[in-house]
Amino acid sequence: MLQPPGTQAARQAQLTAAYRHCAAIAAEHGKSYHLATRLLTPERRPAVHALYAAARVADDFVDHPGADPAGDLMTWSKALLAELESGWSDDPVRLALVHTYRRYAIPVEHLVDFLAAMTSDLDVTGYPTMDALDRYMWGSASVIGLQVLPVLGTASGVTREEAAPHAIALGEAFQLTNFLRDVGEDVDRGRVYLPADLMAAHGVTREQLAEKRFDDGFRELMREMVAIVRRRYDDAAPGTPMLAPESRDCVRAATDLYGGILTEIERAGYRVLDRRVSVSRPRRLAVFARRLTAAQLARVRVTMANPKSRSSTGA
């Protein structure tokens, strides 16, 4: 069993460094996501970085595998679950995640389900229906929304259980957006996250995706998928007012930025097989600037209403 450093100062220094390491991972790999987190209160922000960094590390075992990806992922997962029980880790990402899970009382089942989904990516290369894809996304996306929810907090009188369905829908919407943007990259890794029955209905084959052949069938398939994803964003929308006031603008910004990827896919004529569409930096900064004042005002209102508390969750 790992033992933390002997002094409180040493423990705090290691923990602070761990969270900074996670923030650097988020800044490097999730530019829109990281920008949106800057709208969070300072005490919430590191926890969201930790959740992102841990998901990124686990995902990289699958997307950028070493000689033994299954063994590497299993070793990392076992260590993380043991450290979650002991309360400490010498690995910076796992340490930040352990601290976040314990601080916000996040159910360990969410982590187990996420790791199971990552493990399935090592063997499962496609999904026959949207229902099958949704079952995969429970572990890869839905539980991400449920992990983040305790960190964001809920408004007065709103329980986590009431907000949970909307957090799930938003996690799924974000991941489906990534799936549509990354079709070409995913097929190069041997995986397709488009339902096989919808592909067949539009005459699209895996071989076509692998060859990066764009045609009318693929365009119509993508058009239908974009409509499906937008409905997930619609399902998520009622959840934002349920969040703690000082967390809402972060979620609104993230939704604007990720939803903007769908708009860019449409503007590109659904040609995503041989290119990666993205929201431009000026657009990202404009979204951030529009939400910044509202986020700052929300923090002021919360502080004025409860000056003895740093946040509505008591963090």
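Right above here is the structure, for reference.
Every residue gets a number counted from 1 within its own chain, in the order that chain's sequence is written. Local features in this predicted model are restricted to residues of pLDDT 70 or higher, and side-chain atom pairs are both shown and tallied only at a pLDDT of 80 or more, whereas totals for entire chains, interfaces and linings draw on every residue. Think of the side-chain values as coming from all heavy atoms in the structure, minus any hydrogens and water.

Caption draft 1: Region of the structure containing the layout of surface pockets. For each structure, a 1 Å grid was placed over the protein atoms alone; sets of points admitting a 1.4 Å probe that cannot get out are labelled cavities, open sets with protein on both sides within 12 Å along at least five of seven lines are labelled pockets, and lining residues have an atom within 4 Å of a point. Grid points are joined across faces, edges and corners, and a volume is the space filled by probe spheres set on the points. Of the pockets and cavities examined, the second largest pocket occupies roughly 220 Å³. What lines the second largest pocket is simply Gln 12, Leu 15, Thr 16, Tyr 19, Arg 20, Ala 23, Pro 42, Arg 45, Pro 46, His 49, His 99 and Arg 103. Only DSSP runs of H or I covering at least 4 residues are called helices, and only runs of E covering at least 2 are called strands; the numbering of each starts at the N terminus. Those elements that place two or more of their residues in the lining of the second largest pocket are helix 1 (8-29), helix 3 (45-63) and helix 5 (92-103). At six residues, helix 1 tops the list of elements feeding residues into the lining of the second largest pocket. Charged means Asp, Glu, Lys or Arg here, nonpolar means Ala, Val, Leu, Ile, Met, Phe, Trp, Tyr, Cys or Pro, and polar covers whatever is left, Gly included. The residue inventory of the lining of the second largest pocket, partitioned by class, reads five nonpolar, four polar and three charged.

Caption draft 2: Representation of the nonpolar core in the model. What we call a nonpolar core is a set of buried Ala, Val, Leu, Ile, Met, Phe, Trp, Tyr and Cys residues that are connected through their side-chain atoms within 4.5 Å. A 1.4 Å probe rolled over the protein chains alone gives each residue an accessible area, and that area as a share of the maximum for its type sets the label: buried under 20%, exposed over 50%, partly exposed in between. Ranked by internal contacts, the top residues of the largest apolar core, which has 100 residues, are Tyr 136, Leu 180, Leu 194, Leu 209, Phe 218 and Ile 265. A per-element tally of this core places helix 7 (residues 130-152) first, with 12 residues. Contacts were defined at the residue level, with two residues in contact if any of their heavy atoms lie within 4.5 Å. Beyond its immediate stretch of four places on either side in the chain, Leu 209 contacts Val 183, Val 187, Val 192, Leu 194, Met 199, Val 204, Phe 218 and Leu 273.

Caption draft 3: Region of interest: the packing of helix 8 (residues 160-181) against helix 13 (residues 248-267). Throughout, an axis means a line fitted to C-alpha atoms (over the contacting stretch in the case of helices), and angles, computed between N-to-C directions, take values from 0 to 180 degrees. Viewed as axis vectors pointing N to C, helix 8 and helix 13 meet at an angle of 30°, and their least axial separation amounts to 10 Å. The orientation of helix 8 with respect to helix 13, classified from their angle, is roughly parallel. Between helix 8 and helix 13 the crossing geometry is left-handed. Residue-level inspection shows Leu 170, Phe 174, Thr 177, Asn 178, Leu 180 and Arg 181 of helix 8 in contact with helix 13, the latter providing Val 251, Ala 254, Thr 255, Tyr 258, Ile 261, Leu 262 and Ile 265. Grouping the constituent residues of the contact of helix 8 with helix 13 by class yields nine nonpolar, three polar and one charged. Relative orientations are named as follows: roughly parallel for angles under 35 degrees, roughly antiparallel for angles over 145 degrees, roughly perpendicular for angles from 65 to 115 degrees, and oblique for any other angle. The crossing is said to be left-handed when, going from far helix to near helix, the turn is anticlockwise and less than a right angle, and right-handed when the turn is clockwise.

Caption draft 4: Here's a closer look at the environment of Ala 169. Summarising the element assignment, Ala 169 is placed in helix 8. In this structure, Ala 169 is in contact with Arg 232, Asp 235 and Ala 236, ignoring residues within four places of it in sequence.

Caption draft 5: Spotlight on helix 4 (residues 69-86). For helix 4, built from 18 residues, the straight-helix expectation of 26 Å at 1.5 Å per residue is met to within 8% by its first-to-last C-alpha distance of 26 Å. All of the buried residues in helix 4 are Leu 73, Trp 76, Ser 77, Leu 80, Glu 83 and Leu 84. Buried positions in helix 4, seen along its axis, are confined to an arc of 135° and lie on one side of it. Among the exposed residues of helix 4, those pointing more than 90 degrees away from its buried face are Met 74, Thr 75, Lys 78 and Glu 85. Of the surrounding elements, those touching the buried residues of helix 4 are helix 3, helix 5 and helix 6 (108-120). Where helix 4 terminates, the next one or two residues include Gly 87, which has phi positive at roughly 95°. Expected helix span is computed as 1.5 Å times (number of residues minus one). To obtain the arc, one takes the directions from the helix axis to the C-beta atoms.

Caption draft 6: Highlighting empty space enclosed by the protein. Throughout the structure, instances matching the rule amount to two cavities of 30 Å³ or more. Quantified by volume, the largest cavity comes out at close to 60 Å³. Around the largest cavity, the lining residues are Leu 51, Ala 54, Ala 55, Trp 76, Leu 97, Tyr 101, Leu 111, Phe 114, Ile 144 and Gln 147. When contributions to the lining of the largest cavity are tallied by element, the ones reaching two or more residues are helix 3, helix 5, helix 6 and helix 7.

Caption draft 7: Summary view of helix 6. If you check helix 6, its first and last C-alpha atoms are 19 Å apart, about what 13 residues at 1.5 Å a residue would give, namely 18 Å. Three or more residues of helix 6 are buried, namely His 110, Leu 111, Phe 114, Leu 115, Ala 117 and Met 118. One face of helix 6 carries all of its buried residues, which in axial projection span an arc of 155°. Its buried side turned inward, helix 6 meets helix 3, helix 4, helix 5 and helix 7.

Caption draft 8: The arrangement of the packing of aromatic side chains in detail. Classification of ring pairs uses Phe, Tyr and Trp, with its six-membered ring standing for Trp, and accepts pairs whose centres are within 6.5 Å; under 30 degrees between planes counts as stacked, over 60 as edge-to-face, and the remaining range as tilted. The final tally for this structure, using the stated rule, is nine aromatic pairs. Plain terms: the ring middles of Phe 179 and Tyr 193 are 4.2 Å apart, the flat faces sit at 5° to each other, and that makes the pair stacked. Of the two residues, Phe 179 is situated in helix 8 and Tyr 193 in the loop between helix 9 (183-188) and helix 10 (196-201); the sequence distance between them amounts to 14 residues. Both residues of the pair, Phe 179 and Tyr 193, belong to the buried class. A connected cluster of aromatic rings, assembled from ring pairs, spans Tyr 127, Tyr 136, Phe 179 and Tyr 193.

Purely geometric stuff here, so don't read any function into it on its own.
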